[in-house]
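These are the residues of each chain, in order.
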Amino acid sequence: MKPVLIVYYSRSGVTAKVAAALAHACGADLERIQDERPRTGVVGYLRSAWQALRHQPADIPAPVHRPADYAFVILGTPVWAGRMSSPMRSYILQQREHFRRIGLFCTMGGSGGPDVLSAMAELCNKLPFASMSLRQRDVLNDAHVPALAAFADELAVVRDSEAAAKA
Ligand SMILES: Cc1cc2nc3c(=O)[nH]c(=O)nc-3n(C[C@H](O)[C@H](O)[C@H](O)COP(=O)(O)O)c2cc1C
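Residues numbered from 1 in each chain as written. Predicted model: local features only at pLDDT ≥ 70, side-chain atom pairs only at ≥ 80, totals over all residues. Heavy atoms only, no water.

**Side note on the overall build of the protein**
Logical step 1: Scanning the protein from terminus to terminus reveals six helices and six strands.
Logical step 2: What you see in the protein, going N to C, is helices and strands ordered as β-α-β-α-β-β-α-β-α-β-α-α.
Logical step 3: Computed over its C-alpha atoms, the radius of gyration of the protein comes to 15 Å, within 12% of the 15 Å expected for a compact globule of 167 residues.
Logical step 4: Split into buried and exposed, the 167 residues of the protein put 44% on the buried side.
Logical step 5: Sequence-distant contacts in the protein: of pairs separated by 6 or more residues, those separated by 24 or more amount to 78%.
Logical step 6: Taken as a whole, the protein presents about 8,400 Å² of accessible surface, with 52% of it coming from carbon and sulfur.
Logical step 7: Here the protein contributes 19 positive and 15 negative side-chain charges, whose respective centroids are spaced 5 Å apart. (Helix = DSSP H or I, 4+ residues; strand = E, 2+ residues; numbered from the N terminus. Rg over C-alpha atoms; globule rule 2.2 N^0.38 Å. Buried < 20%, exposed > 50% of the residue type's maximum accessible area, 1.4 Å probe, protein only. Contact = heavy atoms within 4.5 Å. Areas by Shrake-Rupley, 256 points an atom, 1.4 Å probe, with all protein chains shown as cover. Lys, Arg positive; Asp, Glu negative; His and termini not counted. Charge placed at Lys NZ, Arg CZ, Asp CG, Glu CD.)

**Details of the site of the ligand**
Logical step 1: The environment of the ligand is made up of 20 residues, and the closest members are Ser10, Ser12, Thr15, Val79 and Gln136.
Logical step 2: Within the backbone of Val79, one N or O atom sits 2.7 Å away from an oxygen atom of the ligand.
Logical step 3: Taking Ala81, its main chain carries an N or O atom lying 2.8 Å from a nitrogen atom of the ligand.
Logical step 4: Protein coverage of the free-state accessible area of the ligand, which is 640 Å², stands at 87%.
Logical step 5: Every element with two or more residues in the shell around the ligand is listed here: α1 (14-26), α2 (41-53), β3 (70-80) and β5 (101-108). (Near = heavy atom within 4 Å. Polar contact = N/O pair within 3.5 Å; in protein donor to acceptor, adjacent residues only side chain to side chain.)

**Focus on the packing of aromatic side chains**
Logical step 1: Taken as a whole and assessed by the stated rule, the structure comprises four aromatic pairs.
Logical step 2: Ring centres 6.2 Å apart and planes at 20° place the aromatic pair Tyr91 and Phe99 in the stacked group. With respect to burial, Tyr91 and Phe99 carry one shared label: buried.
Logical step 3: An aromatic cluster is defined as three or more aromatic residues linked by ring pairs; in this entry it consists of Phe72, Phe129 and Phe151. (Phe/Tyr/Trp six-rings, centres within 6.5 Å; stacked < 30°, edge-to-face > 60°.)

**Here's the deal with the packing of α1 against helix α6 (residues 145-166)**
Logical step 1: Two elements in contact, α1 and α6, have axes separated by 10 Å at closest approach and are oriented at 40°. Overall, the two elements α1 and α6 adopt an arrangement that is oblique. The handedness of the crossing between α1 and α6 is right-handed. Taking contact as the criterion, the partners of Val18, Ala21, Leu22, Ala25 and Cys26 in α1 are, on α6, Leu148, Phe151, Ala152, Leu155 and Arg159.
Logical step 2: For the contact of α1 with α6, a count of residues per class yields nine nonpolar, no polar and one charged. (Axes fitted to C-alpha atoms, helices over the stretch in contact; angles between N-to-C directions. Parallel < 35°, antiparallel > 145°, perpendicular 65-115°, else oblique. Left-handed = near helix turned anticlockwise from the far one by under 90°. Nonpolar A, V, L, I, M, F, W, Y, C, P; charged D, E, K, R; others polar.)

**Considering the pattern of salt bridges**
Should the charged atoms of two oppositely charged side chains come close, the side chains can pair.
Logical step 1: Evaluated as defined, the whole model comprises four salt bridges.
Logical step 2: Linking Asp35 and Arg39 is a salt bridge whose minimum nitrogen-to-oxygen distance equals 2.3 Å.
Logical step 3: In this structure Asp35 comes out as partly exposed when scored by relative accessible area, which is 21%.
Logical step 4: The buried category is assigned to Arg39, whose relative accessible area is 5%.
Logical step 5: Among the salt bridges present, the one from Glu162 reaches Arg101, with a minimum N-O distance of 2.3 Å. Taken together, the residues span a long stretch of sequence, with Glu162 in helix α6 and Arg101 in strand β5 at a distance of 61 residues.
Logical step 6: According to the relative accessible area criterion, Glu162 is partly exposed, its value standing at 28%. (Salt bridge = Lys/Arg side-chain N within 4 Å of Asp/Glu carboxyl O.)

Here is the structure:
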């Protein structure tokens, strides 16, 4: 069993930055959810908001990593119209039966993060070992580093206690 997989979707790089830093901090494998349709420009933005609002899944290709191979899967998404992104919704719907322990994070302009984290946990039908919502400007200024370190610490504590329970 491999330890940690971080799976994220990112349209404009903010969630990707958090995912990469978290993977570095936790020694995790990284899976970026690809998107079959372009989401650039005003049309892409509006279509993304509309899909998210209506809870519509997106077409995504098969993942590279198998979540069933991992003890922990950490899921990261941007907030879209107060919802999780549609590619992340698709990934959870397709893979959730393979998740063991989950952690959650999201990035946002300024609002909707806690609701998105709750909705992700509900869709996974699991309580996360940790979750965090981060503002885009904090991620871009590196003001999110303490929250990210705390998240990585929580993962380390859970992993240590599970290892101790097995010993
Ligand atoms: C279609 C769309 C809808 C968005 N809706 C919200 C929102 O409801 N609340 C919010 O705080 N930010 C919202 N944002 C901003 C993103 O959540 C924020 O910029 C995020 O950090 C982008 O992550 P990414 O670069 O990984 O795609 C929205 C962005 C897009 C593209």
